[in-house]
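Chain and residue survey
In case you want the letters, here they are:
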Amino acid sequence: MEHLLLVRYGEIFLKGLNRPFFEKLLVKRTREALEEFSGAEVIRGDGRFYISGYKEEDERAVIGRIREVFGLHSVCPAVKTDKEFKTVCEAAAGKLRDALKGGQSTFKVEARRADKKYPMDSMEIAREAGAFLLDNVEGAKVDIHNPDITVAIEIRDAAYCYAEVIPCAGGMPVGSNGRAALLLSGGIDSPVAGYMVAKRGVEICAVHFHSFPYTGEKARQKVIDLAKILARSAGNIKLHIVHFTDIQTEIYQKCPGEELTIIMRRFMMRIAEKLARQDGAQALVTGESVGQVASQTMQSLYVTDSVVGMPVFRPVIGMDKIEIMDYARKIGTYETSILPYEDCCTVFVAKHPVTRPRMANIERSESVLDTLGLIEASLQKSETLLIEP
Ligand code: ATP
Ligand code: MG
């Protein structure tokens, strides 16, 4: 009898010619996620994977890790036995006993026979195994229609039993849908936006604008920590920490106060696009949501986007702050995001920012700045880190 995990992945994206590509990528991502567990192996089965070889006491931790991998649909802690019916029933009884510890009482058996040479058909297996469980597992009651627990028995190359199906992150394997550059602040919204895009299989690189010494080491570390959390699902993230202070100072000194934020945001976009192109990314991603602040009105977004020549995706555009916060809690970034360190935007903030910027006015204000020179100088002082989970 061997303990192992049966892992299933989504079906929709696996149709057609791309199937081998997706499956290979998904195995690769799953293996990467399991690197921290010595001995863990991923074996490809028919439309599923098996994970085995990890230490039994690590099983819950392995499951926790697997749940973070995009493209996986569910994971079942299973036992693998030979196909002798008595052995299969004993294994199923073990799984049912474990499941009953949760205080539930009713069960049914679902059987699948992939091995057509097996002497019993799936109906017989379910019926006979059900009778065995009823006789041999204390406190177990049958409920065919609405059971607390479904004990699954699959007869294939070997027999597999499980009684628990744990949902995984879903989505598509990272690397299956190109690359995008995430503008990652230390706030709540941008990590959520990055997660949402990565979940669709997009590989992420990240750009953070740092206003040293106005924003200190703790603010920098916070962004690294957020990238690290994202990397658990999004894979390794190349993080550019861009020295932004000189640009902000220059804007502050030479442009109208109420336009500071919008001009600053245009600089962020220009720099992010430049880094995105260097990294082979085809789009930018931000955590903006319509109407949340002055720089997130339709007019502001329009004026901001007009400086870039690649798509800008804003996955949380239609979400309320409360919804974004809930999402952040679910993906584990919230606690880090709410740490109270200064963000570069709060340092150089205007008292009355324009909410309906006019393109012509903004362009005129910007014309006194040496845009290219400022960007070049700021990139010279920037650093790039590789963030691993
Ligand atoms: P967040 O919670 O993501 O910080 P926010 O609601 O505070 O968003 P803003 O501060 O206006 O909104 O920022 C809007 C978006 O611009 C952010 O979601 C992020 O994508 C990008 N951004 C803002 N500040 C930075 C920064 N210092 N470095 C990188 N990107 C930033
Ligand atoms: Mg912010």
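Read on for an overview of the structure. It should be emphasised that the depicted structure is a prediction, and the values quoted were computed from it without experimental measurement.

Rules used throughout
- Residues numbered from 1 in each chain as written.
- Chains lettered and ligands numbered in written order.
- Predicted model: local features only at pLDDT ≥ 70, side-chain atom pairs only at ≥ 80, totals over all residues.
- Heavy atoms only, no water.
- Pairing = 2+ DSSP bridges.
- Helix = DSSP H or I, 4+ residues; strand = E, 2+ residues; numbered from the N terminus.
- Contact = heavy atoms within 4.5 Å.
- Axes fitted to C-alpha atoms, helices over the stretch in contact; angles between N-to-C directions.
- Buried < 20%, exposed > 50% of the residue type's maximum accessible area, 1.4 Å probe, protein only.
- Right-handed = clockwise from strand over helix to strand, strands pointing away.

**Some remarks on the sheet that holds strand E15 (residues 383-387)**
Across the sheet, six strands lie side by side as E14-E13-E10-E11-E12-E15; this open sheet has mixed pairing. What marks the edges here is a single partner per strand, and that holds for strand E14 (312-313) and E15. Taken together, the six bridges between strand E11 (residues 203-210) and strand E12 (residues 237-243) define a ladder with parallel strand orientation. Bridging from a neighbouring strand, alanine 206 pairs with leucine 239 of E12. Its contacts with the sheet put helix H6 (residues 217-234) on strand E10 (179-183), E11, E12 and E15, and the angle it makes with E12 is roughly 160°.

**Some thoughts on the pairing of E10**
Every regular strand shows the same layout, with side chains that alternate between the two sheet faces. Within E10, four of the five residues are buried, leaving the element largely enclosed by the surrounding structure. As defined by bridge partners, E10 adjoins E11 across five bridges and the pair is classed as parallel. Counterpart to leucine 183 in the pairing with E11 is valine 207. With helix H5 (residues 189-199) bridging E10 and its parallel neighbour E11, the resulting β-α-β unit is right-handed. Two strands pair when backbone bridges link them, and E10 and strand E13 (residues 284-285) are joined in this way by two bridges, in the parallel orientation. The residue bridging leucine 182 from the neighbouring strand is valine 285, located in E13.

**Some remarks on the side chain of serine 233**
Along the chain, serine 233 falls in helix H6. If near-sequence neighbours (up to four positions away) are discounted, serine 233 is found in contact with Glu68, Phe70, Val174 and Tyr195.

**Some words on unusual backbone geometry**
Note that the residue after phenylalanine 212, namely proline 213, is joined by a cis bond; omega there is 0°. Relative to the helices and strands, proline 213 resides in the loop between E11 and H6.

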